[in-house]
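# Close look at the chain arrangement
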Amino acid sequence: ELTPKEFKLLEYFLRRVGRALTRDEIMDGVWGADIFVTSRSVDRCVTTLRGKIEPDPHRPTFIQTIRDIGYRFELPEPDRPPA
């Protein structure tokens with residue numbers, strides 16, 4: 001089960017699949033501009049979300065860390081039948 005904040009973060013990622021998102025973009029999109037949060041809040045929420053949705057949270061498949069930027073959500077390639 002996801003907390004409301006984790007769900008909102010997942011929804012935010014799913015609406016922006018493949019895009020590198022800065023922590024500031026994530027903070028504004030998920031927490032809103034009126035609430036004071038830090039980039040550590042984003043990191044912690046990403047970590048807990050990874051723990052719930054990733055097959056191996058230490059080797060994430062879906063939520064990729066983009067060094068010095070933030071995060072990117074990726075969906076696995078669909079299996080293609082042999083030609």
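Residues numbered from 1 in each chain as written. Predicted model: local features only at pLDDT ≥ 70, side-chain atom pairs only at ≥ 80, totals over all residues. Heavy atoms only, no water.

## Comments concerning the sheet that holds strand S2 (residues 63–66)
Reading across from one edge, S1-S3-S2 is the order of the three strands in this open sheet, with antiparallel pairing throughout. The strands lining the two open edges of the sheet, one partner per strand, are strand S1 (20–22) and S2. The sheet shows a mean angle of 35° between the axes of neighbouring strands, taken without regard to direction. Examined bridge by bridge, S1 and strand S3 (residues 70–73) share three bridges and lie antiparallel to one another. Residue pairing across strands places Thr22 opposite Gly70, the latter belonging to S3. Across the sheet, helix H1 (residues 4–14) lies against S1, S2 and S3, angled at about 70° from S3, the strand it touches most. Across the face of the sheet, helix H2 (residues 23–31) comes into contact with S1 and S3 while running at roughly 75° to S1. (Pairing = 2+ DSSP bridges. Helix = DSSP H or I, 4+ residues; strand = E, 2+ residues; numbered from the N terminus. Axes fitted to C-alpha atoms, helices over the stretch in contact; angles between N-to-C directions. Contact = heavy atoms within 4.5 Å.)

## Considerations on the nonpolar core
Counting 18 residues, the largest nonpolar core has Leu9, Phe13, Ile26 and Ile63 as the members making the most contacts within it. Those elements that place two or more of their residues in this core are H1, H2, helix H3 (39–53) and S3. Apart from residues lying up to four places away in sequence, Ile63 is in contact with Phe13, Val46, Leu49, Arg50, Ile53, Glu54, Tyr71, Arg72 and Phe73. (Core = buried A, V, L, I, M, F, W, Y, C linked by side-chain atoms within 4.5 Å. Buried < 20%, exposed > 50% of the residue type's maximum accessible area, 1.4 Å probe, protein only.)

## Quick notes on the packing of H2 against H3
In contact at an axis separation of 9 Å, H2 and H3 are set at 75° when each is read in the N-to-C sense. With respect to each other, H2 and H3 are oriented roughly perpendicular. The segment H2 lies against H3, with Arg23, Ile26, Met27 and Trp31 engaging Ser39, Ser41, Val42, Asp43 and Cys45. A class-by-class count of the residues in the contact of H2 with H3 yields five nonpolar, two polar and two charged. (Parallel < 35°, antiparallel > 145°, perpendicular 65-115°, else oblique. Nonpolar A, V, L, I, M, F, W, Y, C, P; charged D, E, K, R; others polar.)

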